[in-house]
Amino acid sequence: MAAKHYSIAVVGLGCIGSAACRHLSMSSPDPSTIIGIGEAESTPGTGSNCSFPTVFSSHYDQGRITRVVDPDAVWSHLAAKSISNYPEVETKSGISFHGRVGFLRVSPFYGGAGDSLARSLEVGLQNGAEAEVADDASSRFPYFGFGDEDVAVVENGGAGYVNPREMVRAQLAIARENGIRLVQETVTSIERLGEGGGVKISTRRGTSFLAARVLICTGAYTNFLLPKSLQLVVKIRAVSVVLAEIDGDEVKRLDGMPCFIWRLKSNPVLHSVYGCPPIQYPDGRTYVKIGGTTWQPKIVSTEEEFLEWFRGAGCKVETDALLEVLLRELVPGLRVKSVKTKPCVVSYAARNYPYMDKLSDEVFLAAFGCGASAKSSDEIGKMASSLVCNGEWSYDQLDSSLFRAVCESST
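Computed from a predicted model, the values in this text were never measured in an experiment.

Section: helix α7 (residues 303-310)
Two residues of an α-helix separated by three or four positions point the same way, owing to the 3.6 residues in each turn.
Okay, step 1: Turning to α7, its buried residues number three or more, namely F306, W309 and F310. Mapping the buried residues of α7 onto a view down its axis gives an arc of 90°, with all of them on the same face. Summarising the geometry of α7, the exposed residues directed more than 90 degrees from the buried face are E304 and E308.
Okay, step 2: Looking at the packing, one finds that the buried side of α7 touches β13 (234-245), β17 (298-300) and β18 (338-349).

Rendered as structure tokens:
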């Protein structure tokens, strides 16, 4: 029996791909002609009965900061648009993923040369953020140990965090309900079939799918699916996070804690740290999460380097520095029951915006989150779905040149 020929295939069902599927399911006259392909999250011993998970993704997490306050007007716009759609996605899917706990951006360099805090507030307000300088931050958030020189901007409204696992599940639930076919497999190749022939998509299990057009939303793995002539300019940073487990008494003490980004004044390892308040994880335990931006990030590029990184526990120098900041400066006296460290990757495109572009008549791209796309993924997915449907850029609120793909062969 001949394989079904789909009008559009979305490859990669993370934050961006799942959002694209939902928007395609709402805009297409026949969603049954659209397929989404992406492997489900695996755990040790599953998949091919291996010792390690076979699929890795940075959205396998419970908390990602969501905010409109941002020094970059494009990211602020994308966040504001996406946050405004969270209630609709939660209501239609019946799945909650948005924690409206607020957000705190803190810097000791407010108004100084190179400071981004004042700019963040200005841009955020332009995009509708409920934000202000918090002169009373030390009394409102007594558990934080910010310094005397630190200035805090507090954002309320829709600011806080999203649970990316649940957000992806919500997006896909709506897409499936609207008629899109979803397949849990890992794509290993995408082959153009010639003029007007569309593409052939092959998976690790040996399954093949045919589609007139494909939208690639595979994040840091994207170059592994593209031919040598279309290799994209991207830097994949290997970063680490710390999860500090706390008990019920500490959860009560930290009640009302917002998400945060803190620009450090003089840390030899970390430029800044970010994190989320106590959140319960799938193991039933509650953790405070902290990550950061290092002065000397590790770069990975090959599949072997990816596997080695994700199968480890992160960078010890980085995780030690994060834990020290958490316990000695950020939340002094925090009583921690246990500590987990986790590896993660962040993909940075040439302009620090995702690539959303047409690579050929059949192949379209929406990839590389630049460390800021989880919160903004709904609007990015909307833009990408419009691009692959129309075959050209039709989003009138931002210029296509911001998101144009840059290939290594053109640099």
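What follows picks up the thread again.
Focus: the pattern of salt bridges
Okay, step 1: Summed over the entire model, instances satisfying the criterion amount to 20 salt bridges.
Okay, step 2: With a closest N to O distance of 3.7 Å, E39 and R205 form a salt bridge. Here E39 is found in the loop between β2 (34-37) and β3 (64-66), whereas its partner R205 is found in the loop between β11 (199-203) and β12 (208-216), with 166 residues between them in sequence.
Okay, step 3: Between R328 and E324 there is a salt bridge, and its shortest N-O distance comes to 3.3 Å. Of this pair, R328 and E324 are both found in helix α8 (residues 316-330), four residues apart, which corresponds to roughly one turn of the helix.

Side note on the domain arrangement of the protein chain
Okay, step 1: Taken domain by domain, the protein chain holds domain 1 (4-60 + 164-233 + 350-402) and domain 2 (235-349).
Okay, step 2: Spacing between the C-alpha centres of domain 1 and domain 2 amounts to 28 Å.
Okay, step 3: Facing the 19 residues of domain 1 at the interface are 16 residues of domain 2.
Okay, step 4: Of the roughly 1400 Å² buried where domain 1 meets domain 2, counting both sides, 66% is carbon and sulfur surface.
Okay, step 5: Counting across the domain 1 and domain 2 interface gives four residue pairs in polar contact (both at pLDDT 80 or more).

Section: the packing of aromatic side chains
Okay, step 1: Tallying each qualifying case throughout the model produces 15 aromatic pairs.
Okay, step 2: Ring plane angle 75° and centroid distance 5.1 Å describe the contact between Y143 and F144, whose orientation is recorded as edge-to-face. The residues Y143 and F144 share a single accessibility class, namely buried.
Okay, step 3: Aromatic pair Y281 and Y287: ring centres 5.4 Å apart, planes at 85°, arrangement edge-to-face. Neither Y281 nor Y287 differs from the other in exposure class; each is buried.
Okay, step 4: Connected via pairs of aromatic rings, a cluster forms that spans F141, Y143, F144, F146, F260 and W262.
Okay, step 5: In this arrangement the basic side chain of R237 is found over the ring face of Y348, its NZ or CZ atom lying 4.5 Å from the centre.

Here we look at the environment of S347
Okay, step 1: Assignment of secondary structure puts S347 in strand β18.
Okay, step 2: Classification of S347 as buried rests on a relative accessible area of 8%.
Okay, step 3: For the pair S347 and A367, spaced 20 residues apart in sequence, the C-alpha to C-alpha distance is 8.7 Å.
Okay, step 4: Excluding residues that lie within four positions of it along the chain, S347 makes contacts with A220, V234, K235, I236, F368, G369, C370 and G371.
Okay, step 5: Looking at S347, its side chain comes within polar contact range of the main-chain nitrogen of G369, at 3.5 Å.

Rules behind the numbers
- Residues numbered from 1 in each chain as written.
- Predicted model: local features only at pLDDT ≥ 70, side-chain atom pairs only at ≥ 80, totals over all residues.
- Heavy atoms only, no water.
- Buried < 20%, exposed > 50% of the residue type's maximum accessible area, 1.4 Å probe, protein only.
- Helix = DSSP H or I, 4+ residues; strand = E, 2+ residues; numbered from the N terminus.
- Arc of directions from axis to C-beta.
- Contact = heavy atoms within 4.5 Å.
- Salt bridge = Lys/Arg side-chain N within 4 Å of Asp/Glu carboxyl O.
- Domains from an automatic or database assignment.
- Buried area = accessible area lost by both parts, 1.4 Å probe.
- Polar contact = N/O pair within 3.5 Å; in protein donor to acceptor, adjacent residues only side chain to side chain.
- Phe/Tyr/Trp six-rings, centres within 6.5 Å; stacked < 30°, edge-to-face > 60°.
- Lys NZ or Arg CZ within 6 Å of the ring centre and 35° of its normal.

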